[in-house]
Amino acid sequence: MRNSLIKYFSLTYAAAWICWLASREISSGTVPGSPRAAFAGALFLLGVFSPGLIALVLTERADGRGATRALFSRVFKWDVGLRWYLFAIAYMPTVKLLVALAYRALIGAWPRFGPEAWYVMAGAILISTWAQAGEEIGWRGYALPRLSDRFGLAFASIILGVIWASWHIPIFFFRESDLFGQSFPLYLLEVIPISIAMAWLYWRTGGSLLLVMLLHAAVNNTKDIVPSASPPATTSFTFSASLVGWLTVALLWIPAGYFILQMRRVRMLASDARASDVLR
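Throughout, residues of each chain are indexed from 1 in the direction in which the sequence is written. For a predicted model such as this one, the threshold for reporting local features is a pLDDT of at least 70, and the threshold for listing and counting side-chain atom pairs is 80 or more; totals across whole chains, interfaces and linings nevertheless cover every residue. Excluded from the side-chain calculation are hydrogens and water; included are all heavy atoms of the structure.

## What to know about the overall build of the chain
Each helix and strand in the chain was counted, giving 11 helices and 0 strands. Runs of E in the DSSP output that reach at least two residues are strands. Runs of H or I that reach at least four are helices, and both are numbered from the N terminus. Helices and strands in the chain line up, N terminus first, as α-α-α-α-α-α-α-α-α-α-α. What you see for the chain is a C-alpha radius of gyration of 19 Å, in line with the 19 Å of a compact globule of 280 residues. Counting only C-alpha atoms and orienting by the principal axes, one finds that the chain spans roughly 55 × 45 × 35 Å. When we talk radius of gyration, it's over C-alpha atoms, and the globule rule is simply 2.2 Å times the number of residues to the 0.38.

Structure, rendered in structure tokens:
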């Protein structure tokens, strides 16, 4: 199992980073909308989808077609109860609105709010949820049960948070990215509690990747209700960040602590992990 995880993470990092760096080189100086630019964009997306694609390939090779189907089927596990949909959609907006209230209490003024209308964010969540399968089949579907079988679900969610956050490092050096020059330590401290929340949701929904995908999409599309970015920023490996960013970290870790307490004795199966057989 240890070797399978090392192989998985090594291949996922290598595939994503090679695709992203190649995409950046190809797109440099290209005309937007040109075939060259389209190819660069496709290559970047291939890197984004590498966690799920590699998980499916490794599962097929190690356990066969039945295990691959079982893994993929969790993308469509929808019958889990309305409250979990509400949690997935409302988790990040609630954190961000509490950040705004905390900022107001500390500073005496409201922080800067993002320009996107709520219906734009809602539409983006609906559209992008399915794209998150490219990551979540791998991170939560493949890696999390195997880490959990070795370390327990609570510690596994923390380890996976570090790995997941670090996987994004090249993007911090792409000028066209909203992460360019931002504080990676702050980002790491935000991603780990989000990883903990995703593991908790995955456990409580009996292994539904669909709900984790929805939470992932909601985080991506509502995090800038109150933006944490610190413009202009030029150095990523620093703890220098905005007050909004640090308040976001603090308020993400409060529920994360509760989730860790609930998961402290939970283990997930590291086999094909059928949705009906997630816990032991």
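Once the structure has been displayed, the description carries forward.
## Digging into the packing of aromatic side chains
Within 6.5 Å between ring centres, the rings of Phe, Tyr and Trp (the latter by its six-membered ring) count as paired, and their orientation is classed by plane angle as stacked under 30 degrees, edge-to-face over 60, tilted in between. For the structure on display, the rule yields 25 aromatic pairs. With 5.2 Å between their ring centres and 45° between their planes, Tyr13 and Trp17 make a pair best called tilted. Taken together, the residues Tyr13 and Trp17, both in helix H1 (residues 2-27) and 4 residues apart, mark about one turn of the helix. Measuring from ring centre to ring centre gives 5.5 Å for Trp84 and Trp200, while their planes differ by 70°; the resulting arrangement is edge-to-face. Placement of the pair is Trp84 in helix H5 (residues 82-107) and Trp200 in helix H9 (residues 184-204), with a sequence separation of 116 residues. Among the aromatic residues, ring-to-ring pairing joins Tyr8, Phe9, Trp20, Phe44, Trp139, Tyr142 and Trp167 into one connected group.

## Brief notes about the layout of surface pockets
Note on definitions: the grid is 1 Å and covers protein atoms alone; a cavity is a set of points where a 1.4 Å probe fits but cannot get out; a pocket is an open set with protein on both sides within 12 Å along at least five of seven lines; lining residues have an atom within 4 Å of a point. Grid points are joined across faces, edges and corners, and a volume is the space filled by probe spheres set on the points. By volume, the largest pocket is sized at about 1,300 Å³. Along the walls of the largest pocket sit 48 residues, with Ser177, Asp178, Leu179, Asn220 and Lys223 positioned nearest its centre. Only H1, helix H2 (35-48), H5, helix H8 (153-167), H9 and helix H10 (209-222) provide two or more residues apiece to the lining of the largest pocket. With 5 residues, the single largest contributor to the lining of the largest pocket is H9. When the residues that make up the lining of the largest pocket are grouped by side-chain class, the tally is 22 nonpolar, 16 polar and 10 charged. In this count, Pro and Cys sit with the nonpolar residues alongside Ala, Val, Leu, Ile, Met, Phe, Trp and Tyr, while Asp, Glu, Lys and Arg are called charged and the others, Gly among them, polar.

## Some remarks on the confidence of the model for the chain
A residue's pLDDT is the predictor's confidence in that residue, given on a scale from 0 to 100. Scored by pLDDT, the chain has a mean of 92; 95% of the residues are at 70 or more. Looking at the elements of the chain, mean pLDDT is at its lowest for H2, recorded as 92, and at its highest for H10, recorded as 98. Low pLDDT, under 50, characterises residues 274-280; the stretch is placed with 15 contacts to residues that sit more than four places away or in other chains. Residue contacts follow a heavy-atom distance rule, with two residues in contact if any of their heavy atoms lie within 4.5 Å.

## Description of the pattern of salt bridges
For salt bridges, the criterion is a side-chain nitrogen of Lys or Arg within 4 Å of an Asp or Glu carboxyl oxygen. Taken as a whole and judged by the stated rule, the model has 5 salt bridges. Notably, a salt bridge pairs Arg65 with Glu60, separated by 3.0 Å at the nearest N-O pair. Linking Lys223 and Asp224 is a salt bridge whose minimum nitrogen-to-oxygen distance equals 3.2 Å. Using a relative accessible area of 27% as the deciding quantity, one classes Lys223 as partly exposed. One continuous salt-bridge network, built from bridges that share partners, spans Asp178, Lys223 and Asp224. Any residue under 20% of the maximum accessible area for its type is buried, any over 50% is exposed, and the rest in between are partly exposed; the area is computed with a 1.4 Å probe on protein chains only.

## A short note on H5
Because the α-helix completes a turn every 3.6 residues, residues three or four places apart line up on one side. Expected span of a helix: the number of residues minus one, times 1.5 Å. Look at H5: 37 Å from first C-alpha to last across 26 residues, which is about the 38 Å you get at 1.5 Å a residue. Two axes enter the definition of the bend at a residue: one is fitted to the seven residues ending there, the other to the seven starting there, and the bend is the angle between them. Where H5 bends most, at Ala90, the angle is about 45°, and the proline Pro93 comes one to four residues later. Inspection of H5 places Trp84, Phe87, Ala88, Tyr91, Met92, Pro93, Val95, Lys96, Val99, Ala100 and Tyr103 among the buried residues, and these make up the whole buried set. Looking at the buried side of H5, the elements it contacts are H9, H10 and helix H11 (243-263).

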